[in-house]
Amino acid sequence: MSDVKKEFVQLLANYGHVGFTFVASIIIGLGGGIYLDQKVFDDRTSPWFTFIGLAFGIAAGYKTLLEILWRNKEKEEKPKRQD
């Protein structure tokens, strides 16, 4: 495979991972909040835990997004430093 294709596949996998992780963390947070509202507290706290779970999911999504971007930035800077 040529270098351009390898780089394209690597970038595609990287950005796909970022998107999937971001969306998955939001869905898990929202699902956890809905579960707490409906099953644990029998809709007495509805919609508060749903909002809290959504907020935690969004925060976890951004945290993971930033970690992935920082890790990739460090990988790109290492070859430049060695030259």
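Here's what I pulled together on the structure shown here. It should be emphasised that the depicted structure is a prediction, and the values quoted were computed from it without experimental measurement.

The rules behind the values
- Residues numbered from 1 in each chain as written.
- Predicted model: local features only at pLDDT ≥ 70, side-chain atom pairs only at ≥ 80, totals over all residues.
- Heavy atoms only, no water.
- Helix = DSSP H or I, 4+ residues; strand = E, 2+ residues; numbered from the N terminus.
- Buried < 20%, exposed > 50% of the residue type's maximum accessible area, 1.4 Å probe, protein only.
- Patch = residues over 30% accessible without salt bridge, like charges linked within 9 Å, V, L, I, M, F, W, Y side chains within 5 Å.
- Areas by Shrake-Rupley, 256 points an atom, 1.4 Å probe, with all protein chains shown as cover.
- Salt bridge = Lys/Arg side-chain N within 4 Å of Asp/Glu carboxyl O.
- Expected span 1.5 Å × (residues − 1).

1. Considerations on unusual backbone geometry
A negative phi angle characterises most non-glycine residues, just as the trans form characterises most peptide bonds.
Part 1: Geometrically, the link from Ser-46 to Pro-47 is a cis peptide bond, its omega value of 5 degrees lying close to zero.
Part 2: Inspection of the secondary structure assignment puts Pro-47 in the loop between α1 (3-40) and α2 (48-82).
Part 3: Phi at Asp-42 takes a positive value of approximately 50 degrees, unusual for a residue other than glycine.
Part 4: Tracing the chain through its elements places Asp-42 in the loop between α1 and α2.
Part 5: Residue Asp-42 is classed as exposed on the basis of its relative accessible area of 54%.
Part 6: Look at Asp-43: it is not a glycine, yet its phi comes out positive at around 65 degrees.
Part 7: Take Asp-43: its relative accessible area is 46%, and that puts it in the partly exposed class.

2. Here's the deal with a nonpolar patch on the surface
Part 1: Among the surface-exposed residues, Met-1, Phe-8, Val-9 and Leu-12 lie close enough to one another that they form a single nonpolar patch of about 480 Å² accessible area.
Part 2: Positionally, Leu-12 belongs in helix α1.

3. Description of α1
Residues spaced three or four apart along an α-helix point in a common direction, a consequence of the helix completing one turn every 3.6 residues.
Part 1: The first and last C-alpha atoms of α1 sit 53 Å apart over 38 residues, in line with the 56 Å expected at 1.5 Å per residue.
Part 2: Where α1 is concerned, the buried positions are Val-18, Thr-21, Ser-25, Ile-26, Gly-29, Gly-33 and Asp-37.
Part 3: Looking one or two residues beyond α1, the residue adopting positive phi is Asp-42, at roughly 50 degrees.

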